[in-house]
Amino acid sequence: MPGTEIVRTDELTRVFRRAVKPPGLAGAARHLFRPRYETVTAVDRISLRIEPGESVAYVGPNGAGKSTTIKLLTGILVPSSGTVSVCGLRPHHDRQRNARNISVVFGQRTQLWWDIPVAESLRLLGDIYQVPAAEFRATMADLVDVLDLGPLLTVPARQLSLGQRMRCDLGAALVHRPEVLFLDEPTIGLDVAVKARLREFIRLMQDRHGLTVLLTSHDLGDIEELCRRMIMIDRGKIVYDGPYNEITARFGWEKKIAVTLSEEVPDAEVRIGAALARIGAAVTSPDPGTYEVSFDGRRATPGEVIRELTGAVPVNDLTIEETSAETIIRRLYEGELTFDTDEPRS
Ligand SMILES: Nc1ncnc2c1ncn2[C@@H]1O[C@H](COP(=O)(O)OP(=O)(O)OP(=O)(O)O)[C@@H](O)[C@H]1O
């Protein structure tokens with residue numbers, strides 16, 4: 001029996017075949033005569049459910065498979081295996097009908113016609129999607145009210161600043177009142193005030209129309225302010241699916257203790273490292289007399305580490321830092337946290 005979900009994938013997989021070209025001219029020539037290919041599983045058996053009105057952040061490092069998933073959900077790509085349904089349709093099969101139910105906003109691209117005033121672009125989109133006149137007027141009123149599009153309506157897209165264009169683009173994406181909005185880095189390059197306005201508008205559309213949102217963003221503010229649920233992917237696989245603020249329970253095992261010494265010890269870093277070698281702690285010295293000890297909280301408690309520290313060097317002050325959700329996501333994006341390290345290092 002079908003569920004209530006608006007987005008559903010089961011074991012969704014997309015494999016690409018790409019050419020492996022050795023470097024240099026000789027390599028290019030070799031490739032010409034004996035081409036070699038490798039396969040990349042960009043999306044690897046992803047099963048997910050998104051309910052109507054949910055707002056979900058879809059995060060992962062570069063190359064994790066975020067864009068490929070969005071392309072599968074919008075029908076641009078065909079799955080290699082597994083199934084995908086959005087509002088009950090198979091996107092790649094019913095691309096046109098799917099387009100009525102969804103909208104996609106890319107921070108880097110625009111769907112506005114470049115040379116015509118914004119109001120004309122919006123009207124054209126209304127016509128293409130056959131939006132009833134009363135509904136179109138109500139949406140325009142929201143756009144003018146919350147996104148402050150009034151002064152921009154007569155301006156051609158090419159003359160807009162990035163922030164102005166993004167406001168118009170978000171408006172354009174919502175003219176046909178889609179059920180699902182895919183946002184791909186929607187606030188990239190925008191100033192704080194414009195970001196706040198875009199987020200406020202998205203929240204308004206959720207409250208008023210039950211809009212479902214799937215967001216990919218490197219901006220933690222977007223994730224924090226718009227999404228309660230977060231799905232993390234790494235190398236095509238889901239590695240976390242749960243509340244944003246519970247990510248620390250899952251991956252926040254790295255602890256950090258900052259230490260200030262009461263007197264100078266020339267080989268303090270070596271001494272601390274030796275005392276904590278058993279648990280594989282990493283020691284750095286950001287300033288003279290100050291040391292930072294990072295360790296795996298599953299291998300030792302902060303109490304045990306402090307005991308070792310005080311035995312090794314003359315400690316004046318200590319601060320224990322827990323890993324925040326923000327740090328975990330930042331490190332995931334920067335490739336410092338990979339999910340192989342989810343298991344304690346031996
Ligand atoms: N058309 C393609 N042909 C071959 N390989 C591809 C193609 N599109 C994506 N890939 C590969 O699939 C993997 C996932 O790419 P994808 O663009 O989905 O990642 P992403 O998470 O969106 O990354 P980013 O944050 O950098 O945009 C990468 O290894 C990428 O090189």
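Here the structure is a predicted model, which is why all the values come from computation and not from measurement.

Parameters and conventions
- Residues numbered from 1 in each chain as written.
- Predicted model: local features only at pLDDT ≥ 70, side-chain atom pairs only at ≥ 80, totals over all residues.
- Helix = DSSP H or I, 4+ residues; strand = E, 2+ residues; numbered from the N terminus.
- Buried ≥ 20, exposed ≤ 12 C-beta atoms within 10 Å, placed from the backbone.
- Contact = placed C-beta atoms within 7 Å.
- Pairing = 2+ DSSP bridges.
- Right-handed = clockwise from strand over helix to strand, strands pointing away.
- Axes fitted to C-alpha atoms, helices over the stretch in contact; angles between N-to-C directions.
- Parallel < 35°, antiparallel > 145°, perpendicular 65-115°, else oblique.
- Nonpolar A, V, L, I, M, F, W, Y, C, P; charged D, E, K, R; others polar.
- Core = buried A, V, L, I, M, F, W, Y, C linked by C-beta atoms within 7 Å.
- Domains from an automatic or database assignment.
- pLDDT = per-residue confidence, 0-100.
- Near = placed C-beta within 6 Å.
- UniProt positions renumbered as here; feature names shortened; annotations may be inferred.
- Expected span 1.5 Å × (residues − 1).
- Arc of directions from axis to C-beta.

**Quick look at the overall build of the chain**
Okay, so step 1: Broken down by element type, the chain carries 12 helices and 13 strands.
Okay, so step 2: Along the longest, intermediate and shortest principal axes, the C-alpha atoms of the chain span 75 × 55 × 50 Å.
Okay, so step 3: Here the chain, with 346 residues, has 34% of them falling under the buried criterion.
Okay, so step 4: Sequence-distant contacts, at least 24 apart, represent 72% of the contacts inside the chain between residues at least 6 apart.

**Some details on the pairing of strand β6 (residues 180-184)**
Okay, so step 1: In terms of burial, β6 is a largely internal element, four of the five residues being buried.
Okay, so step 2: In terms of strand pairing, strand β5 (residues 102-106) meets β6 through five bridges, oriented parallel. When the sheet's bridge partners are listed, Ile102 is paired in β6 with Val180.
Okay, so step 3: Pairing of β6 with strand β7 (residues 212-216) involves five bridges; the strand directions are parallel. The partner of Phe182 across the bridge, within β7, is Leu214.
Okay, so step 4: With helix α7 (residues 192-209) bridging β6 and its parallel neighbour β7, the resulting β-α-β unit is right-handed.

**Points about the packing of helix α6 (residues 162-174) against α7**
Okay, so step 1: At a minimum axis distance of 10 Å, the contact between α6 and α7 shows a crossing angle of 10°. It follows that α6 is roughly parallel to α7 by the angle criterion. On the side of α6, the interface is formed by Gly163, Met166, Arg167, Leu170 and Leu174, while α7 contributes Val194, Arg197, Leu198, Phe201 and Met205.
Okay, so step 2: Looking at the contact of α6 with α7 residue by residue, the class counts come to seven nonpolar, one polar and two charged.

**Notes on the nonpolar core**
Okay, so step 1: Val180, Phe182, Val213 and Leu215 are the most contacted members of the largest nonpolar core, which totals 65 residues.
Okay, so step 2: The leading source of residues in this core is α6, at six residues.
Okay, so step 3: Looking at this core, you find at least three residues from each of domain 1 (7-248) and domain 2 (254-334).
Okay, so step 4: Residues in contact with Val213, not counting those within four places in the same chain, are Ser55, Val56, Leu181, Leu183, Ile202, Gln206 and Leu226.
Okay, so step 5: Listed in part, the 14 residues of the second largest apolar core include Ile272, Ala281, Val305 and Leu309.

**Let's talk about the sheet that holds strand β11 (residues 282-287)**
Okay, so step 1: Strands sit in the order β11-β12-β10-β13 across an open sheet of four strands; the sheet is antiparallel. Every other strand in the sheet has two partners, leaving β11 and β13 (315-321) as the edge strands with one partner each. Taken pair by pair, the neighbouring strands of this sheet meet at an average axis angle of 25°, ignoring direction.
Okay, so step 2: When β11 meets strand β12 (residues 290-296), the two strands line up antiparallel, connected through four bridges. Within β12, the residue paired with Val283 across the bridge is Val293.
Okay, so step 3: In this fold helix α11 (residues 302-312) packs onto β10 (254-261), β12 and β13, with an angle of close to 30° to the strand it touches most, β10.

**Regarding the confidence of the model for the chain**
Okay, so step 1: In this model, the chain carries a mean pLDDT of 88, and residues with pLDDT of at least 70 account for 96%.
Okay, so step 2: Element-level pLDDT for the chain is lowest in helix α9 (residues 247-251), with a mean of 76, against a maximum mean of 97 in strand β4 (residues 81-86).

**Points about the site of the ligand**
Okay, so step 1: Taken together, Phe16, Arg18, Val40, Ala42, Gly60, Asn62, Gly63, Ala64, Gly65, Lys66, Ser67 and Thr68 make up the full set of residues adjacent to the ligand.
Okay, so step 2: Elements with a minimum of two residues in the shell around the ligand: β1 (7-20), β2 (36-50) and α2 (66-74).
Okay, so step 3: Considering each element in turn, the shell around the ligand owes the most residues, three residues, to α2.
Okay, so step 4: Taken together, the residues of the shell around the ligand break down into four nonpolar, six polar and two charged.

**Section: the sheet that holds β2**
Okay, so step 1: Pairing is antiparallel in the open sheet, where three strands are placed in the order β2-β1-β4. Edge strands, defined here as strands with exactly one partner in the open sheet, are β2 and β4. Sheet twist, expressed as the average angle between the axes of neighbouring strands with direction ignored, equals 30°.
Okay, so step 2: With 11 bridges joining them, β1 and β2 adopt antiparallel strand pairing.

**Digging into the domain arrangement of the chain**
Okay, so step 1: When cut into domains, the chain gives domain 1 (7-248) and domain 2 (254-334).
Okay, so step 2: The centre of domain 1, based on its C-alpha atoms, is set 41 Å off from the matching centre of domain 2.
Okay, so step 3: Between domain 1 and domain 2, the contact holds nine residues from the first and eight residues from the second.
Okay, so step 4: Grouping the amino acids of the side of domain 1 that touches domain 2 by side-chain chemistry returns six nonpolar, three polar and no charged.

**Thoughts on the UniProt feature "domain: ABC transporter" (unreviewed entry) in the chain**
Okay, so step 1: Listed under "domain: ABC transporter" (unreviewed entry) in the UniProt record, and renumbered for this structure, are residues 7-260.
Okay, so step 2: As a span, residues 7-260 carries 37% helix and 30% strand, and end to end its C-alpha atoms are 52 Å apart.

**Observations regarding α7**
Okay, so step 1: Counted at 1.5 Å a residue, the expected span for α7 with its 18 residues is 26 Å, and the 26 Å between its end C-alpha atoms agrees.
Okay, so step 2: Buried within α7 we find Lys195, Leu198, Phe201, Ile202 and Met205. Each buried residue of α7 lies within a common arc of 130° when the element is viewed along its axis, so the set occupies one face. When the buried face of α7 is taken as reference, the exposed residues oriented beyond 90 degrees from it are Val192, Ala193, Asp207 and Arg208.
Okay, so step 3: Once α7 ends, the next one or two residues include Gly210, with phi positive near 65°.

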